[in-house]
Amino acid sequence: LFHSMDVKAEDWQSVFDGLEQYAGRLLQAHEIQFKTKIEIRKDPGTKPDSLLALIVFNVCREGLNNVVKHSKATTVDLFVSLDEDWLIMTLSDNGIGIGSVTGSGRGMTIMRKRAEEVGGRVSVAGEKRGTTITLELPVRLEPVTEEKRS
């Protein structure tokens, strides 16, 4: 997957640079404006856990694909915040809203499950105008037991 996005998870900065490049190319090809804001409040040279980097890319990719396929959006905003404990990524568009989309895809369901397996979560909001996908991941991975999920 990283290869398909021309990204190596050598450090957090390269992960975020790869997100920006991938999103920019995809959205530009569909004439959708794209803005990013990335806040790193930890050493950007820190090597991320490869599973976390994979989850970040997969959620971003799935969200962007949904924007292109379903949203009729003209703008997308990507915000990423990273500190010592949490990575938070939001992907927002100004499209028709997820409540207006018919059918149920498996992509976001799978991404929710992957995030939950490492103690994180994915939420989706947007009924009438625009959709926002939020990914929250702990930076330090610990196995999630059934007790922790409750």
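Please read all numbers here as calculations on a predicted model, not as lab measurements.

1. Concerning the packing of aromatic side chains
Logical step 1: By the definition in use, this model includes one aromatic pair.
Logical step 2: Relative to Phe16, the ring of Trp12 lies with its centre 5.6 Å away and its plane at 25°, an arrangement referred to as stacked. Within this pair, Trp12 and its partner Phe16 are both found in helix α1 (residues 12-29), separated by four residues, close to a single helical turn.
Logical step 3: For Trp12, a relative accessible area of 2% translates into the label buried.

2. Considering the packing of helix α2 (residues 50-71) against helix α3 (residues 107-117)
Logical step 1: Viewed as axis vectors pointing N to C, α2 and α3 meet at an angle of 160°, and their least axial separation amounts to 10 Å. Our classification of the angle between α2 and α3 gives roughly antiparallel. As for how α2 packs across α3, the hand of that crossing is left-handed. In this structure, α2 uses Ile55, Asn58, Val59, Glu62 and Asn66 to contact α3, whose residues at the interface are Gly107, Met108, Met111, Arg114 and Ala115.
Logical step 2: Looking at the contact of α2 with α3 residue by residue, the classes come out as five nonpolar, three polar and two charged.

3. Concerning the sheet that holds strand β4 (residues 121-125)
Logical step 1: In spatial order, the strands read β1-β2-β3-β5-β4; together these five strands make up an open sheet with mixed pairing. Sheet topology places β1 (33-40) and β4 at the edges, where each strand pairs with a single neighbour. Here the strands of the sheet are splayed against their neighbours by 10° on average, with no regard to which way each runs.
Logical step 2: Relative to strand β5 (residues 131-138), strand β3 (residues 86-93) is paired through eight bridges, and the arrangement is antiparallel. The residue bridging Ile88 from the neighbouring strand is Glu136, located in β5.

4. What to know about the side chain of Ser81
Logical step 1: Residue placement: Ser81 occurs in strand β2 (residues 75-82).
Logical step 2: For Ser81, the side chain forms a polar contact with the side chain of Arg41, separated by 2.9 Å.
Logical step 3: Residues within four places of Ser81 in sequence aside, it is in contact with Glu39, Arg41, Trp86, Leu87 and Ile88.

5. A short note on the side chain of Lys42
Logical step 1: Mapping Lys42 onto the fold places it in the loop between β1 and α2.
Logical step 2: Among buried Asp, Glu, Lys and Arg side chains, Lys42 stands out as unpaired, with Glu84 the closest opposite charge at 4.1 Å.
Logical step 3: Beyond its immediate chain neighbours, meaning those up to four positions away, Lys42 contacts Leu82, Asp83, Glu84 and Val139.

6. Brief notes about the nonpolar core
Logical step 1: Of all hydrophobic cores here, the largest spans 35 residues; its most connected members are Phe16, Leu19, Val59, Leu64, Met89, Leu135 and Leu137.
Logical step 2: In terms of residue count, the dominant contributor to this core is α2 (nine residues).
Logical step 3: Ignoring any residue separated from it by four or fewer positions in sequence, one finds Phe16 in contact with Ile38, Ile40, Val80, Leu82 and Leu87.

Rules used throughout
- Residues numbered from 1 in each chain as written.
- Predicted model: local features only at pLDDT ≥ 70, side-chain atom pairs only at ≥ 80, totals over all residues.
- Heavy atoms only, no water.
- Phe/Tyr/Trp six-rings, centres within 6.5 Å; stacked < 30°, edge-to-face > 60°.
- Helix = DSSP H or I, 4+ residues; strand = E, 2+ residues; numbered from the N terminus.
- Buried < 20%, exposed > 50% of the residue type's maximum accessible area, 1.4 Å probe, protein only.
- Axes fitted to C-alpha atoms, helices over the stretch in contact; angles between N-to-C directions.
- Parallel < 35°, antiparallel > 145°, perpendicular 65-115°, else oblique.
- Left-handed = near helix turned anticlockwise from the far one by under 90°.
- Contact = heavy atoms within 4.5 Å.
- Nonpolar A, V, L, I, M, F, W, Y, C, P; charged D, E, K, R; others polar.
- Pairing = 2+ DSSP bridges.
- Polar contact = N/O pair within 3.5 Å; in protein donor to acceptor, adjacent residues only side chain to side chain.
- Lys, Arg positive; Asp, Glu negative; His and termini not counted.
- Salt bridge = Lys/Arg side-chain N within 4 Å of Asp/Glu carboxyl O.
- Core = buried A, V, L, I, M, F, W, Y, C linked by side-chain atoms within 4.5 Å.

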